[in-house]
Amino acid sequence: MENFDEAVKEITAATSPEALEAIRVRVLGRRGPLTLAMRELGALDPEERRRAGALLNTARDRINAALAEATERLGRAALEERIAGERADVTLPVQFAGMGRVHPISQTIDEIVAIFGEMGFVFAEGPHIEEDFYNFTALNIPPEHPARQEHDTFYLPERADGTRLALRTHTSPVQIRTMQAQKPPIRIIVPGRTFRCDHDATHSPMFHQVEGLVIDRTSHMGHLKGCLIEFCRAFFGLDDLPVRFRPSYFPFTEPSAEVDIGCSRKGGELKIGAGGDWLEILGSGMVHPQVLKNCGIDPSEYQGFAFGMGIERIAMLKYGIPDLRTFYESDLRWLRHYGFLPLDIPSLVRGPLLGGAAS
Ligand code: PHE
């Protein structure tokens, strides 16, 4: 009778699932030696049949066990090979093909929040549809105040009690909401949408502002100036950017100052930086004592400063975007040109961290 040791040896040595399958078919198949030998058992006498049958069963069990073991061995090897081939190199640069872009308004907001975040400001926001009290009255702009006329306000229809809600004309109402909701010290940065009934090449009925508010026992004009000079230089990436504070008026700050940055307009081309000319970019001032009182804060104990700026305006200046209206046209070509990569997250600490020099 055939010895099946040879078959077991072949199975143990098989190097691929295909080779293993070929051996299995050859040894165990319908024309295979095992099947044929089983078939021949019928011709033997009973004593001989029992003996040979037992031997064949043992041989078949050995072959099946060897096959199972080889199948497992080859499967494991194939898996290991695949894992080795699939290893991901997480240090490779990210591929941006086909990715969306971050709108310059979003990017500019992120940049401003990152810069003030480094100074310890926290993010805050408020509703777009606002009570008259928060948008005007609490900010020291009572109903008869002429400043109301400068805010070409969108009003909602009159309510049953005769009052009207408005689309907020600036982000300053969030100052009031924050001061009413929390005790000083307060240090917030508030980006958001604002609305004025105005539409031409440099005005859009919807635009964005960012508000800042600091309230503490001893926060003074020097802190206001320090923060805003630091901000202007960080935002435009110019360490020596000239910054000027020009006396101004806002009903909710006293004294008030508008902030100009240095620029040159030589040859009709605007360039940010030293150049002898000035460009207004934001409004600021010490929070008016009446505004503090309106929020239940004692002006003999606390004081502070606020500032506000138009986001479109400084985005246009920083990124050389010539026309305000293009911000809202949803033109994909424009977005691909002026937009930012999604992982281009603004942060002052990012540079040193990447360079490995962070301490
Ligand atoms: N809210 C003012 C505006 O819309 C800007 C501002 C904010 C000025 C805070 C001073 C302080 O014009």
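Here, every reference points to the structure presented above.
Worth saying up front: this structure is predicted, and the values here are computed from it rather than measured. (Residues numbered from 1 in each chain as written. Predicted model: local features only at pLDDT ≥ 70, side-chain atom pairs only at ≥ 80, totals over all residues. Heavy atoms only, no water.)

A word on a nonpolar patch on the surface. Together, V94, M99, L343 and I345 line one region of the surface with nonpolar side chains, adding up to about 380 Å² of accessible area. Note on placement: M99 falls in the loop between α4 (46-86) and α5 (104-118). (Patch = residues over 30% accessible without salt bridge, like charges linked within 9 Å, V, L, I, M, F, W, Y side chains within 5 Å. Areas by Shrake-Rupley, 256 points an atom, 1.4 Å probe, with all protein chains shown as cover. Salt bridge = Lys/Arg side-chain N within 4 Å of Asp/Glu carboxyl O. Helix = DSSP H or I, 4+ residues; strand = E, 2+ residues; numbered from the N terminus.)

The full set close to the ligand counts 14 residues, and H170, S172, R196, Q209 and E211 are the nearest of them. Here an oxygen atom of the ligand and a side-chain polar atom of R196 are 3.1 Å apart. Here the ligand has 320 Å² of accessible area as a free molecule, and 90% of this is covered by the chains. For the shell around the ligand, the elements supplying multiple residues, two or more each, are β5 (206-216), β9 (277-287) and β10 (303-310). Here the element with the most residues in the shell around the ligand is β10; it accounts for three residues. (Near = heavy atom within 4 Å. Polar contact = N/O pair within 3.5 Å; in protein donor to acceptor, adjacent residues only side chain to side chain.)

Turning to the packing of helix α3 (residues 33-40) against α4, a few remarks are in order. At their nearest, the axes of α3 and α4 sit 10 Å apart, and the two run at 160° to each other. Regarding the angle of α3 to α4, the classification is roughly antiparallel. The way α3 lies across α4 gives a crossing that is left-handed. In this structure, α3 uses L34, A37 and M38 to contact α4, whose residues at the interface are L56, N57, A59 and R60. The residue inventory of the contact of α3 with α4, partitioned by class, reads five nonpolar, one polar and one charged. (Axes fitted to C-alpha atoms, helices over the stretch in contact; angles between N-to-C directions. Parallel < 35°, antiparallel > 145°, perpendicular 65-115°, else oblique. Left-handed = near helix turned anticlockwise from the far one by under 90°. Contact = heavy atoms within 4.5 Å. Nonpolar A, V, L, I, M, F, W, Y, C, P; charged D, E, K, R; others polar.)

Core analysis: the biggest nonpolar cluster contains 42 residues, and I112, F116, F231, F236, I261 and F307 have the highest contact counts within it. Among the elements that take part in this core, helix α9 (residues 221-236) stands out by supplying seven residues, more than any other. With residues up to four places along the chain from it excluded, the contact list for I261 reads C232, F236, L241, P242, V243, I272, D277, W278, L279 and I281. Grouped together as the second largest cluster of nonpolar side chains are 23 residues, Y134, M179, L292 and I297 included. (Core = buried A, V, L, I, M, F, W, Y, C linked by side-chain atoms within 4.5 Å. Buried < 20%, exposed > 50% of the residue type's maximum accessible area, 1.4 Å probe, protein only.)

All right, on to unusual backbone geometry then. For the peptide bond that leads from P184 to P185, omega is 5°, which places it in the cis range. Tracing the backbone through its elements, the reader meets P185 in the loop between α8 (173-181) and β4 (186-195). Between E254 and P255 the backbone carries a cis peptide bond, its omega angle lying at -5°. Even without being a glycine, N140 presents a positive backbone phi close to 70°. Locating N140 in the fold gives a position in the loop between α6 (132-135) and α7 (147-150).

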